[in-house]
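Now for the letters of each chain:
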Amino acid sequence: MYETIKYEVNGAIATVTVSRPKAMNALNSQVLDELYDAFGEIGENENIRAAILTGEGKAFVAGADIGEMSKLNSVEGRAFGEKGHRTMNRIENLEKPVIAAVNGFALGGGCELAMACDIRIASERAKFGQPEVNLGLIPGFGGNLRLPRLVGKGMAKYMILSAEMIGAEEALRIGLVEKVAAPEELMAEAGKVAETIASKAPIAVSLAKNVINNGYDIDMKSASAYEINAFGIPFSSEDMKEGTSAFLEKRKAEWKNR
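Residues numbered from 1 in each chain as written. Predicted model: local features only at pLDDT ≥ 70, side-chain atom pairs only at ≥ 80, totals over all residues. Heavy atoms only, no water.

Brief notes about the overall build of the protein
Secondary structure assignment for the protein yields 11 helices and 10 strands. Computed over its C-alpha atoms, the radius of gyration of the protein comes to 19 Å, within 12% of the 18 Å expected for a compact globule of 258 residues. Each of the three principal axes of the protein carries a C-alpha extent, and together these read 60 × 40 × 35 Å. Burial statistics for the protein: of 258 residues in total, 47% are counted as buried. Working note: accessible area of the protein is about 13300 Å², and carbon and sulfur atoms make up 55% of it. Positive and negative side-chain charges in the protein, numbering 30 and 35 respectively, have mean positions lying 2 Å apart. (Helix = DSSP H or I, 4+ residues; strand = E, 2+ residues; numbered from the N terminus. Rg over C-alpha atoms; globule rule 2.2 N^0.38 Å. Buried < 20%, exposed > 50% of the residue type's maximum accessible area, 1.4 Å probe, protein only. Areas by Shrake-Rupley, 256 points an atom, 1.4 Å probe, with all protein chains shown as cover. Lys, Arg positive; Asp, Glu negative; His and termini not counted. Charge placed at Lys NZ, Arg CZ, Asp CG, Glu CD.)

What follows is the structure, given as structure tokens:
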């Protein structure tokens, strides 16, 4: 079904692997389209409760496909940026959490792809950066927007304007990633986090992600109203009744809703 990515489902966890190892998993139009479709499939599958995104070989994603970009004019470049944003936004706004297992180079579009995920776990060998200014370009898949929100405006400007590449420990220090793992333990660690999240009430996980995403950039009064509205939604759900009953009865909850 897919040519540039691998898609697997194991229980409640989906794993998407960008698979262009000879091109360091560079994001061309086909990869972006296939990622968009795969995460649409994840969103529609009621049995999936969390997803892991990683890369094949020594790169997570080493950037957008420079060979493809070098042939574009301004109009075509804008369309390529729109395609990238469409894919990143689908991942970011998916109602299910997405964990980036960053196994190697996450540069340019690869760093932007990781930032579109909810949680980033990096291999000790991972490298991050936004080197677009080296090519006479700027980040175009959300890097100018998401990086400041994760690491602060000053650090984002430093990384983007200097094109400096940083390692996993520095990425952890500045808040670009949430965890660092040994290379041989990366997927197990990502799986552990995914399984932990998948064991929680699906409706609550989805709502919490939605409130965090949509309440982050608005004023506190509006954000409070948004949270209060979302807080009331699960009270009429089977999962809320099951969760509170299980707690009071000292047993494990059995969730039914998405």
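Let's talk about the sheet that holds strand 1 (residues 5-10)
What the 6 strands build is an open sheet, ordered 1-2-3-5-7-10; its pairing is mixed. Where the open sheet ends on each side, the last strands, each with one partner, are strand 1 and strand 10 (179-181). When strand polarity is set aside, the average angle formed by the axes of neighbouring strands in this sheet is 20°. Two elements, strand 5 (residues 98-102) and strand 7 (residues 119-123), share 4 bridges in a ladder whose sense is parallel. The partner of Ala101 across the bridge, within strand 7, is Ile121. (Pairing = 2+ DSSP bridges. Axes fitted to C-alpha atoms, helices over the stretch in contact; angles between N-to-C directions.)

Describing the side chain of Thr54
Summarising the element assignment, Thr54 is placed in strand 3 (residues 50-55). Given a relative accessible area of 5%, Thr54 falls into the buried group. Engagement of the side chain of Thr54 in a polar contact is seen with the backbone oxygen of Ala101, the distance being 2.8 Å. Excluding its chain neighbours within four sequence positions, the residues that come into contact with Thr54 are Val16, Thr17, Val18, Phe60, Ala101, Asn103 and Met187. (Polar contact = N/O pair within 3.5 Å; in protein donor to acceptor, adjacent residues only side chain to side chain. Contact = heavy atoms within 4.5 Å.)

Side note on unusual backbone geometry
Of note, the phi angle at Asn25 is positive, near 60°, even though the residue is not glycine. Within the secondary structure, Asn25 sits in the loop between strand 2 (13-18) and helix 1 (29-44). The exposure class of Asn25 is buried, given its relative accessible area of 0%. Of note, the phi angle at Ala163 is positive, near 60°, even though the residue is not glycine. Structurally, Ala163 is set in the loop between helix 6 (153-162) and strand 9 (166-167).

Topic: the sheet that holds strand 9
Pairing is mixed in the open sheet, where 4 strands are placed in the order 4-6-8-9. Each edge of the open sheet is held by one strand with a lone partner, namely strand 4 (59-61) and strand 9. Pairing between strand 4 and strand 6 (residues 105-107): 2 bridges, direction parallel. From the neighbouring strand, Val61 faces strand 6, where its bridge partner is Ala106. Where helix 4 (residues 109-116) meets the sheet, it contacts strand 4, strand 6 and strand 8 (127-129), and its direction lies at approximately 75° from that of strand 4.

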